[in-house]
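In case you want the letters, here they are:
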Amino acid sequence: MKKAIALLSILFLAACGNGAASGGGDASKKSIRIAYQAFPSGDLIVKHQGLLEKALPDYQITWTKFDSGASINTAFVAKSLDIAAIGSSPVARGLSAPLNIPYQVAFVLDVAGDNEALVARNGSGITGVASLKGKKVGTPFASTAHYSLLAALAQAGLKESDLTIVDLEPQDIQAAWTRGDLDAAYTWLPSLDELKKTGKVLISSKQLATAGKPTLDLGVVSTAFADAHPEAVDAWRKVEAQALDIIADDPAAASDAVGAELNLSAADALNQLEQGVFLKPADISSPEWLGTGNNVGKLADNLVSAAEFLKSQQKIDAVPTLDAVKKSIYVKGLPSVLG
């Protein structure tokens, strides 16, 4: 594992540089290395409209696409990232042993709704989650979809060993689905929409949330970066809040930006945005989510609960304490920093 992480670090730095020198930028500038994922969110609006670049002209900003939270965690271990969009389940794993990644949750990008779901192939004979026994199911390991799949199986009285779960990134799920290699898959938009054309939704993350297993997409920042560049973290949080306002107040602009980033029509992008749950900026610092410096919110409890579930599934070595997770919620300047 150490050799693999070291190799990944070398390859990642070779591809992206140290941030300051990436993309032919000015080496005298300070740098921010950002991981983004191809799911509908305000993060794609920030990227497409160059909102962070406008807010921080003295920084060289490098955006790198990742396919899952697991690979993002590996890059953080290799100290190749400063900021990332990542699901709550891989964050819970990252904050737990053996990874113990020194990063902090500083934003809630969205709450998973119908934009993430378990789909069974038409003709597979699968009528519900319980009938997945003996079937082959694809999902990206260590992702929110993987977490939700395990939660759905537990809810239906199935063990992981009752079926074959295959570790596939969303685009690979699509390819395997087209070849007929999978009976079902738990994934997110935009690949989810493609699967639904020839499949049936068995359960969504929205339904699992009501059953006490919510998942979220979060913005995390390296603790070292936050300590060294608090003004940059503030600027990043402000433009992410601005993107949430754009989704709420100007859906045409939001769908244009997201569509351009995902290679979708504006109409398809709007449809996908409508399947997610996006908070208002003022809600981010509420007791339900991040909270404030005086009172860290329930998001910390959510992450501990996710870690407990992962431990019960033997996916992590140990569950972090609630106090430790609270220290990993970046509440500096809240709520005023979000305007």
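Below, the structure is looked at part by part. (Residues numbered from 1 in each chain as written. Predicted model: local features only at pLDDT ≥ 70, side-chain atom pairs only at ≥ 80, totals over all residues. Heavy atoms only, no water.)

**Topic: the environment of serine 285**
Thought 1: Secondary-structure assignment places serine 285 in the loop between α14 (281-284) and β11 (291-292).
Thought 2: C-alpha separation for the pair serine 285 and threonine 215, spaced 70 residues apart in sequence, amounts to 18 Å.
Thought 3: Residues contacting serine 285, with those up to four places away along its chain left out, are Gly291, Thr292, Leu334 and Pro335. (Helix = DSSP H or I, 4+ residues; strand = E, 2+ residues; numbered from the N terminus. Contact = heavy atoms within 4.5 Å.)

**Here we look at the sheet that holds strand β8 (residues 184-188)**
Thought 1: On the basis of which strands lie adjacent, the open sheet formed by five strands has the order β7-β6-β8-β5-β9 and mixed pairing. The open sheet terminates on both sides in strands that have one partner only, identified here as β7 (164-167) and β9 (199-204). When the angles between neighbouring strand axes are averaged without regard to direction, this sheet yields 25°.
Thought 2: Running over the sheet, helix α6 (residues 144-155) touches β5 (116-121), β6 (136-139), β7, β8 and β9 and is turned about 135° from β8.
Thought 3: In the packing of helix α7 (residues 170-179) onto the sheet, the strands contacted are β5, β6, β8 and β9, and the crossing angle to β8 comes to about 150°. (Pairing = 2+ DSSP bridges. Axes fitted to C-alpha atoms, helices over the stretch in contact; angles between N-to-C directions.)

**Here we look at the pattern of salt bridges**
Thought 1: According to the stated counting rule, one finds nine salt bridges in the structure shown.
Thought 2: One salt bridge in this structure joins aspartate 181 and arginine 179, with 2.8 Å as the shortest N-O distance.
Thought 3: Put simply, aspartate 193 and lysine 196 hold a salt bridge, and the shortest N to O gap is 3.7 Å. Of this pair, aspartate 193 and lysine 196 both sit in helix α8 (residues 191-196), separated by three residues, roughly a single helical turn. (Salt bridge = Lys/Arg side-chain N within 4 Å of Asp/Glu carboxyl O.)

**Points about the packing of helix α11 (residues 230-249) against helix α12 (residues 251-262)**
Thought 1: Two elements in contact, α11 and α12, have axes whose closest approach is 6 Å; the angle formed by their N-to-C orientations is 115°. Contact residues: Ile246, Ile247, Ala248 and Asp249 in α11; Pro251, Ala253 and Ala254 in α12.
Thought 2: Considering only residue class, the contact of α11 with α12 consists of six nonpolar, no polar and one charged. (Nonpolar A, V, L, I, M, F, W, Y, C, P; charged D, E, K, R; others polar.)

**Remarks on the packing of α6 against helix α15 (residues 299-312)**
Thought 1: The geometry of α6 relative to α15 is characterised by a closest axis approach of 11 Å and an angle of 65° between their N-to-C directions. Viewed along their axes, α6 and α15 adopt a mutual orientation that is roughly perpendicular. Where α6 crosses over α15, the two elements pack in a sense that is left-handed. Each of Tyr147, Leu150, Ala151 and Ala154 in α6 lies in contact with α15, whose residues at this interface are Ala306, Phe309 and Leu310.
Thought 2: Its residues placed into classes, the contact of α6 with α15 shows seven nonpolar, no polar and no charged. (Parallel < 35°, antiparallel > 145°, perpendicular 65-115°, else oblique. Left-handed = near helix turned anticlockwise from the far one by under 90°.)

**Overview of α6**
Along an α-helix, a turn takes 3.6 residues, which lines up residues three or four apart on a common side.
Thought 1: The end-to-end C-alpha separation of α6 is 16 Å, in line with the 16 Å expected for 12 residues at 1.5 Å each.
Thought 2: Counting buried positions over the 12 residues of α6 gives 10, a clear majority of the element.
Thought 3: For α6, the set of buried residues is Thr144, Ala145, His146, Tyr147, Ser148, Leu149, Leu150, Ala151, Ala152 and Leu153.
Thought 4: For α6, the capping residue at the N-terminal end is serine 143, with a side-chain oxygen 3.3 Å from the backbone nitrogen of alanine 145. (Expected span 1.5 Å × (residues − 1). Buried < 20%, exposed > 50% of the residue type's maximum accessible area, 1.4 Å probe, protein only. Polar contact = N/O pair within 3.5 Å; in protein donor to acceptor, adjacent residues only side chain to side chain.)

**A few points about helix α4 (residues 69-77)**
Thought 1: Within the sequence span of α4, burial applies to Gly69, Ile72, Asn73, Ala75 and Phe76. Axial view of α4: buried residues confined to an arc of 160°, hence all on one face. (Arc of directions from axis to C-beta.)

Take it as geometry only, folks, not as evidence of what the structure does.
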